[in-house]
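Architecture and fold: a report
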Amino acid sequence: MAIQTIPTQPFAGQRPGTSGLRKKVAVFTQPRYLENFVQALFDVLHASGSEAQALNGQTLVLGGDGRFYNRTAVQIILKLAAANGVARVLLGRSGILSTPAVSAVIRRRQAFGGIVLSASHNPGGPEGDFGIKYNAGNGGPAKETLTEAVYARTQVVRELRISDAPDIDLDRLGLQQLEHMQVDVIDPVTDYAAVMRELFDFELLRGMFQRGFRVRVDAMNAVGGPYARAILESELGAPTGTVVHAEPLEDFGGLHPDPNPVNAEDLINHMQGLDAPDFGAAMDGDADRNMVLGRHFVVTPSDSLALMTAHARLIPGYQGGLLGVARSMPTSAAVDRVARALDLPCFETPTGWKFFGNLLDAGCVSLCGEESYGTGSSHVREKDGLWAILFWLNLQGATGKSVETLVREHWRVHGRNYYTRHDYEGIAVDAANALMTDVRAELPALPGRRFGSRQVVLADDFSYTDPVDGSVSGQQGIRLMFDDGARVIFRLSGTGTEGATLRLYLERYEADVAQQDQPVQQALAELAALAEQVAGIRGRTGMTGPTVAT
Ligand code: VG1
Ligand code: CO
């Protein structure tokens, strides 16, 4: 066993996006591609901050969503870590850890940081995608300053430090040695489950299952399965089979673990059947996102966040009330109305969980959410799929009300924010960039302009100044805001690996209870036509409509 120094050449394009570096498996498996990125990360961590903060002698957490290349990547990263002065790695058994579990382990064990191997909802398998992201000592995604520093380093990295020791046994719990580094293989669920026990009324949930409350959780053959099984079935007594597609598979069994009504079609069908369960939910590839459903009823993520905020005091972990709430800019303003009613601070951040970290750390907010089926709280520094499922279960148990009743009551009190996201996937990068550039150029001329009954009151490219550290993130999405509160937002995705994806977000508010039951796409058709008029999406992409509308 020896630590080697081997020469390497930089790869272009190793810049992390919305959530880590994601590329096709064929790209990641090129010799030294993963090695270069991890070496660059370690170099930056060594150089960052004071002596006490540097990587030497520290503990890192490591695990992934189990997709293809996960096990190989874990072995490579361990050998790099051992050669780069890391003292200890807490590794999820078989290389498995969900994103929220990594966050929980970092926080509970006070680790220096963690590496998550996931491309989340992106397809898995040899033809699919792979990804890697770094989480800091607070348990949350690395800030932009760090990811940019890592990117800069990947452009000049010339040397790898790596051990030539044999592979460790990923499936055996307990301590193993790799050079001077300890590898502690841990159960992936234990720490996470302990956090959930602190937040929710497990006795109440046990009682619900005993009385026959029926739940279907679709883990979509991704990493959420073992967590949901351990907590819902083993600990809370839900019947075996409550969690379906519960085995993490390297290619997700061909499913697309993006929890929305289009990709979780099987779950939607079950929830619409005559014999539908009381409650349904799905999670994404790394189990940080969730979709929740009642019988014959889908909850939008924006409404989910608003209802959680409104009812938080009914949940043991939040019975003292919330410090504040935050949502990403494209997320509907439903939560803003609740925050106003409860006199809570409400923050609007760019897309991506990394922007919530400072607000959570500074005690400004307790709950956060995104329109993309992500919700979470101060319990970790990631969005958390199973947490959201347990929250909604606890809420139903505490109120004795169904999902549909809860949401309809909410609309009656606060009004309904009709909301949809149209994704135009796989469009040419040049066409997508040109669209954004052209719409951006039109922005100064838009305020005051009328579109039918609506008038534009604000047209800008969202720029965020972090209230905690003062950092500025520009060009975070083009938004048109209207005099009736409606919004149209254009943004390019930062998680894809092929071509570009345009996301069009549409929202309008409806206070009239008699008007709150329209089909969503119909309720927003006028705004979709308006967006088309402004941006000419069809002409530019040659597409007749979005590939996904949820
Ligand atoms: C998407 C979502 C965003 C989410 C991100 C990572 O990003 O829109 O809300 O935070 O995925 O989630 P983008 O840049 O493609 O719009 V996950 O679950 O993929 O880590
Ligand atoms: Co995810």
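1. Considerations on empty space enclosed by the protein
On inspection of all chains with the given rule, the structure shows 3 cavities of 30 Å³ or more. In this structure, the largest cavity encloses a volume near 160 Å³. Surrounding the largest cavity, 18 residues form its lining, Gly 20, Lys 133, Tyr 134, Ala 142 and Thr 147 being those nearest its centre. Across the lining of the largest cavity, the residue classes break down as 10 nonpolar, 6 polar and 2 charged.

2. Notes on the pattern of salt bridges
Two side chains of opposite charge can pair, provided their charged atoms sit close to one another. Evaluation of the coordinates by the stated rule reveals 43 salt bridges. In this structure, Asp 187 and Arg 93 form a salt bridge, with 3.2 Å as the shortest nitrogen-oxygen distance. Residue Asp 187 is found in the loop between strand S9 (181–186) and helix H6 (190–199), and its partner Arg 93 is found in strand S4 (residues 88–96); the two are separated by 94 residues along the sequence. Exposure remark for Asp 187: the relative accessible area of 25% places this residue in the partly exposed category. The partner of Arg 540 in a salt bridge is Asp 438, with the nearest N and O atoms 2.9 Å apart. With Arg 540 in helix H18 (residues 537–541) and Asp 438 in helix H15 (residues 429–442), this pair connects stretches of sequence that are 102 residues apart.

3. Some details on the coordination of the cobalt ion (ligand 2)
For the cobalt ion (ligand 2), every protein donor is listed as Ser 120 (OG), Asp 284 (OD), Asp 286 (OD) and Asp 288 (OD), and the spread of their distances is 2.0 to 2.1 Å. Counting gaps between the donor residues of the cobalt ion (ligand 2) yields the pattern S-x163-D-x1-D-x1-D. Residue Ser 120 is located in the loop between strand S5 (113–117) and strand S6 (129–135), and its partner Asp 286 is located in the loop between strand S12 (279–283) and strand S13 (290–294); the two are separated by 166 residues in the primary sequence. No difference in accessibility class separates Ser 120 from Asp 286, as the two residues are buried.

4. Observations concerning the domain arrangement of the protein
Domain annotation for the protein reports domain 1 (3–188), domain 2 (192–414) and domain 3 (416–549). Using only C-alpha atoms to locate each centre, domain 2 and domain 3 end up separated by 26 Å. Broken down residue by residue, the surface that domain 2 buries against domain 3 is led by Met 329, Asn 358 and Trp 411, which jointly contribute 26%. Its salt-bridge partner being Asp 517, residue Arg 408 comes within 3.4 Å of it at the nearest N-O pair. Here domain 2 and domain 3 share 11 residue pairs in polar contact (both at pLDDT 80 or more) between them. Where the side of domain 2 that touches domain 3 is concerned, the elements lending two or more residues are helix H11 (334–342), strand S16 (346–349), helix H12 (357–361) and helix H14 (403–414). For the side of domain 2 that touches domain 3, the element with the most residues is H14, which contributes 4 residues.

So, how was this worked out
Residues numbered from 1 in each chain as written. Chains lettered and ligands numbered in written order. Predicted model: local features only at pLDDT ≥ 70, side-chain atom pairs only at ≥ 80, totals over all residues. Heavy atoms only, no water. 1 Å grid on protein atoms, 1.4 Å probe; cavity = no way out; pocket = protein on both sides within 12 Å on 5 of 7 lines; lining within 4 Å. Points joined across faces, edges and corners; volume = space filled by probe spheres on them. Nonpolar A, V, L, I, M, F, W, Y, C, P; charged D, E, K, R; others polar. Salt bridge = Lys/Arg side-chain N within 4 Å of Asp/Glu carboxyl O. Helix = DSSP H or I, 4+ residues; strand = E, 2+ residues; numbered from the N terminus. Buried < 20%, exposed > 50% of the residue type's maximum accessible area, 1.4 Å probe, protein only. Donors = N, O, S within 2.8 Å, 3.2 Å for Na, K, Ca; no water. Domains from an automatic or database assignment. Buried area = accessible area lost by both parts, 1.4 Å probe. Polar contact = N/O pair within 3.5 Å; in protein donor to acceptor, adjacent residues only side chain to side chain.

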